[in-house]
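Structural overview
These are the residues of each chain, in order.
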Protein chains: 2
Amino acid sequence: MTADWIAIDRTEGRLHAWALGEAGILAETAGRPADAPLNLIAAWLPEGRVTPVIVGGSPEAPLRAVPCPPLGPLVPAPPADPRVEISLVPGLSQRRPSPDLTRSGAIRIAGVLALRPGFDGTICLAGAHSVWAEVSAGEVVSFRGFLTGELDALLATRSTLRDALRSEGFDDAAFDAAVADAIARPEALAARLHGLRAEALLDDLPPDAARARLSGLLIGAELAAARPWWLGREVVILGDEPRTRLYIRALATLGVEPDCLAESDATLAGFIAARALLRGE
Amino acid sequence: MTADWIAIDRTEGRLHAWALGEAGILAETAGRPADAPLNLIAAWLPEGRVTPVIVGGSPEAPLRAVPCPPLGPLVPAPPADPRVEISLVPGLSQRRPSPDLTRSGAIRIAGVLALRPGFDGTICLAGAHSVWAEVSAGEVVSFRGFLTGELDALLATRSTLRDALRSEGFDDAAFDAAVADAIARPEALAARLHGLRAEALLDDLPPDAARARLSGLLIGAELAAARPWWLGREVVILGDEPRTRLYIRALATLGVEPDCLAESDATLAGFIAARALLRGE
């Protein structure tokens, strides 16, 4: 296998690489965010040839301030290995109305626009850090990131709640009820989290209901804060299952039916758009 | 040194023991919550004598449902060692308006009532898990716990924000601004947390300001949710420095001047009340 080019996608939670050719995906592999990207793709790099590599989500990449198109000129990374020529996809930054930045969002938003040309509305990226982006006329107008997924994982695995939350199952009805609770009184989050253990002990709340309730409280609070992004707007959502499923479920309780795109499809479409930009196409 | 009796206080964050006699405190020591309480006090236990030990905050103790006085009959623990006779202080539970429980709160609330006889109002226990308790006519009417302190520690030490928050200092003005932000829009917590790293990168927010901002956002959200507990009420606050200082500071921005008690004084007064109850005094 000889790849024409390689795409490497870095997010808070993982590193993913695709070897790409005329026919599309030749191979793919995944690693941890802390892994060295070149180690991940070493097997795809023949000697005596320079393979172009496009990296999205890199903390070394510069940031471009919105409003702007999701993709701007790629930035060459310092030469690290004679077998590769690395180009970094800039991230997006925002000063107003609230300081924010997203590194891995740029390539995904570009991908959504590639798959849905002319889309005008909100794009929701549901990952460890979720991002809501307002898109109009091919530009990212503004965006807002939420630490929801990371809070969920920290509380489920590292907090004093973890024993009450240890479950393989997931109780959809408990999730829905928690979403409604959180939307009604989003400010009570820390109190409801404290109450979770009490519910487990006093009300025999089963772990699969407690686990679902945690995600429902956090996603419900996010939706309450993100109301301007989804209310009366067209919404495209993408993300990794199963978190995307939860966002879709929670949005449905609010009467919002988002257009769903597979995250891998959108991410790859974004890299293909970045590759075209790099080649001046 | 021979202790007349020993008090052991267990909270989410630590284990604390006092050796007590006619003259008051003879010795004290601290450990971690996971330590075996008997190991902590072994040096205080002479052979051939049974020392009474009162344990507060134990997960083995039963729970008493509010409304009720903070202290009820102590419960003997199964004999573990011939040198001790262990009595457990029951925790407090609540079914309505929201399921909740506090194990370490009972002894503290009893201590506040011992130090402030006839107190009617709200008691705020500002620890890793903070508790707001409504007290009237010697009874705990209702209470609400918050996971605020634990969230603060998780985010500061275990999250992707930790590098932006690594600081020995604390910027009071940044704390105050964050409290105001959170009270104005408490539902935006997860978004503001996501924005913290952006503020550090884009606005050169120094780590001591970022660290203070994290605590301000979390405590501000708690105060927004706890409004019925402090608005127009007498408030007694106790807790371990420096968290108590932050609550007092945040409450001051809302025009609330709580009566401050040292946590160790109130806890010890609670144990002395429990000891009197045990002896039928």
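Scroll up to find the structure this text is about.
Right, let's walk through the structure included here. Nothing here was measured: the structure is a model prediction, and the numbers come from that model.

Focus: the interface of chain A and chain B
- Counting residues at the interface gives 37 residues for chain A and 37 residues for chain B.
- Elements with a contribution of two residues or more to the side of chain A that touches chain B: β9 (100-102), β12 (139-146), α3 (148-158), α6 (189-202) and α7 (207-225) of chain A.
- With ten residues, α6(A) is the largest single contributor of residues to the side of chain A that touches chain B.
- Across the side of chain A that touches chain B, the residue classes break down as 18 nonpolar, nine polar and ten charged.

Section: the pairing of strand β3 (residues 24-31) of chain B
Residue and element names in this part refer to chain B.
- Here strand β2 (residues 15-21) runs beside β3; their pairing, made up of seven bridges, is antiparallel. From the neighbouring strand, Trp18 faces β3, where its bridge partner is Glu28.
- Where β2 hands over to β3, the hairpin turn is made up of two residues, counted between the paired strands.

Regarding the packing of helix α3 (residues 148-158) of chain B against helix α7 (residues 207-225) of chain B
Residue and element names in this part refer to chain B.
- As a packed pair, α3 and α7 sit with axes 10 Å apart at the nearest point and diverge in direction by 155°. Viewed along their axes, α3 and α7 adopt a mutual orientation that is roughly antiparallel. Note that α3 runs across α7; the crossing there is right-handed. Contacts between α3 and α7 involve Thr148, Leu151, Asp152, Leu155 and Ala156 on the former and, on the latter, Arg211, Leu214, Ser215, Leu218, Ile219 and Glu222.
- Its residues assigned to classes, the contact of α3 with α7 comprises six nonpolar, two polar and three charged.

So, the packing of α6(A) against α7(B)
- Their axes nearest at 8 Å, the elements α6(A) and α7(B) cross at an angle of 85°. As the angle between them shows, α6(A) and α7(B) are arranged roughly perpendicular. Two secondary-structure elements touch here, α6(A) through Leu189(A), Ala190(A) and Ala191(A) and α7(B) through Ala221(B), Glu222(B) and Ala225(B).

So, the relation of the copies chain A and chain B
- Mapping chain A onto chain B leaves a residual RMSD of 0.0 Å; the transformation is a rotation of 180° accompanied by 0.0 Å of translation along its axis. Such a combination of rotation and displacement between the chain copies is what one expects of a two-fold axis. By C-alpha distance to the rotation axis, the residue of chain A lying nearest is Glu187(A), at 2.5 Å.
- Both copies share a contact surface, since 100% of the interface residues of chain A are interface residues in chain B too.

Details of the environment of Leu205(B)
Residues and elements named next belong to chain B.
- Examined against the element boundaries, Leu205 turns out to sit in the loop between α6 (189-202) and α7.
- The exposure class of Leu205 is buried, given the 22 C-beta atoms found within 10 Å.
- As a C-alpha pair, Leu205 and Ala164 span 41 residues in sequence and 8.7 Å in three-dimensional space.
- Leaving out residues up to four positions away in the same chain, Leu205 has contacts with Glu199, Ala200 and Ala210.

Basis of the calculations
- Going along each chain's sequence as written, the residues are numbered from 1 onward.
- Chains and ligands are labelled by the order in which they are written, letters from A for the one and numbers from 1 for the other.
- For a predicted model such as this one, the threshold for reporting local features is a pLDDT of at least 70, and the threshold for listing and counting side-chain atom pairs is 80 or more; totals across whole chains, interfaces and linings nevertheless cover every residue.
- We call two residues in contact when the distance between their C-beta atoms, placed using the backbone, is within 7 Å.
- Only DSSP runs of H or I reaching four residues or more are called helices, and only runs of E reaching two or more are called strands; each is numbered from the N terminus.
- All residues other than Ala, Val, Leu, Ile, Met, Phe, Trp, Tyr, Cys, Pro, Asp, Glu, Lys and Arg, Gly among them, are scored as polar; the first ten of these are nonpolar and the last four charged.
- Only strands that DSSP links by at least two bridges are regarded as paired with each other.
- An axis is simply a line fitted to the C-alpha atoms; with a helix, the fit covers only the stretch in contact. Between two such axes, the angle follows the N-to-C directions and lies from 0 to 180 degrees.
- Put simply, angles under 35 degrees are roughly parallel, angles over 145 are roughly antiparallel, angles from 65 to 115 are roughly perpendicular, and the rest are oblique.
- Two helices crossing with the near one rotated counterclockwise from the far one by less than a right angle form a left-handed crossing, whereas a clockwise rotation gives a right-handed crossing.
- The superposition of copies rests on a least-squares fit of C-alpha positions from residues with pLDDT of 70 or more in both.
- Comment: burial labels come from other C-beta atoms within 10 Å of the residue's own C-beta, placed from the backbone, where a count of 20 or more is buried, 12 or fewer is exposed, and between is partly exposed.

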